[in-house]
Amino acid sequence: MHLGSLALLVRDYDEAIAYFTTCLGFALIEDRPLGQDKRWVVVSPPGARETRLLLARAVGARQEAAIGNQAGGRVFLFLETGDFQASYRAMRERGVRFCEEPRQEPYGTVAVFEDLYGNRWDLLQRRGTAG
């Protein structure tokens, strides 16, 4: 078994696709209409083999209120890289909003960023995973 996809609430499919593919460099894996203005939209980080995000357009007041706050203000997702400095530089150049400067922790190099909706992520290179 493995955890294949996580649903991420978004305001609009097309703006979310643009952000994830342009700013974060994710690949658009699937974009299929499901009827009634619903779509099955899946993106994946560069180099990922199994992990994917299902971009789910929020429906109704309860889901809309959760956009950008799916973890109650905590870091929600962890984007791991083998080259922190290159990934950090490229993401900043593409307009990703970092909340802090990179820092060293016992587990590796990390910096928190927010996606276009305000969900908090860690960009992380675990200690000993260079290259």
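In case you missed it, the structure is sitting above this.
The text that follows walks through the structure, step by step, so that each part is easy to find. (Residues numbered from 1 in each chain as written. Predicted model: local features only at pLDDT ≥ 70, side-chain atom pairs only at ≥ 80, totals over all residues. Heavy atoms only, no water.)

What about unusual backbone geometry?
Next, step 1: In this model, Gln36 sits at a positive phi of 50 degrees, which is unusual for a non-glycine residue.
Next, step 2: Backbone geometry places Asp37, a non-glycine residue, at a positive phi of 65 degrees.
Next, step 3: Secondary-structure assignment places Asp37 in the loop between strand E2 (27–35) and strand E3 (38–44).
Next, step 4: Given a relative accessible area of 66%, Asp37 falls into the exposed group. (Helix = DSSP H or I, 4+ residues; strand = E, 2+ residues; numbered from the N terminus. Buried < 20%, exposed > 50% of the residue type's maximum accessible area, 1.4 Å probe, protein only.)

Notes on the sheet that holds strand E1 (residues 5–10)
Next, step 1: Taken together, four strands build an open sheet; the order of strands is E1-E4-E3-E2 and the sheet is mixed. In this open sheet, the two edge strands, each paired with only one partner strand, are E1 and E2. Adjacent strand axes in the sheet meet at a mean angle of 25 degrees when their direction is disregarded.
Next, step 2: One ladder, built from three bridges, connects E3 with strand E4 (residues 52–57); its direction is antiparallel. (Pairing = 2+ DSSP bridges. Axes fitted to C-alpha atoms, helices over the stretch in contact; angles between N-to-C directions.)

So, the side chain of Asp115
Next, step 1: Its location among the elements puts Asp115 in the loop between strand E8 (108–114) and strand E9 (120–126).
Next, step 2: For the buried residue Asp115, which engages in no salt bridge, the nearest side chain bearing the opposite charge is Arg97, 6.0 Å off.
Next, step 3: What Asp115 contacts, discounting residues up to four positions off in sequence, is Leu8, Tyr19, Phe20, Arg97 and Trp121. (Lys, Arg positive; Asp, Glu negative; His and termini not counted. Salt bridge = Lys/Arg side-chain N within 4 Å of Asp/Glu carboxyl O. Contact = heavy atoms within 4.5 Å.)

Concerning the nonpolar core
Next, step 1: By size, the foremost hydrophobic cluster in this structure holds 29 residues, and its most contacted members are Phe20, Leu24, Leu53, Leu55, Phe113 and Trp121.
Next, step 2: For this core, the secondary structure elements donating two or more residues are E1, helix H1 (13–23), E3, E4, strand E5 (75–80), helix H3 (84–93), E8 and E9.
Next, step 3: At six residues, the largest contribution of residues to this core is made by H1. (Core = buried A, V, L, I, M, F, W, Y, C linked by side-chain atoms within 4.5 Å.)

Examining H3
Next, step 1: Every buried residue of H3 is listed here: Phe84, Tyr88 and Met91. Around the axis of H3, the buried residues are gathered within 70 degrees of arc, so they sit on the same side. (Arc of directions from axis to C-beta.)

A look at the pattern of salt bridges
Next, step 1: Tallied over the full model, the rule gives nine salt bridges.
Next, step 2: The partner of Glu30 in a salt bridge is Arg32, and the shortest N-O contact between them spans 2.8 Å.
Next, step 3: Assessed through its relative accessible area of 27%, Glu30 is described here as partly exposed.
Next, step 4: A relative accessible area of 41% places Arg32 in the partly exposed class.
Next, step 5: For the salt bridge of Arg120 with Glu114, the shortest nitrogen-to-oxygen distance reads 3.7 Å.

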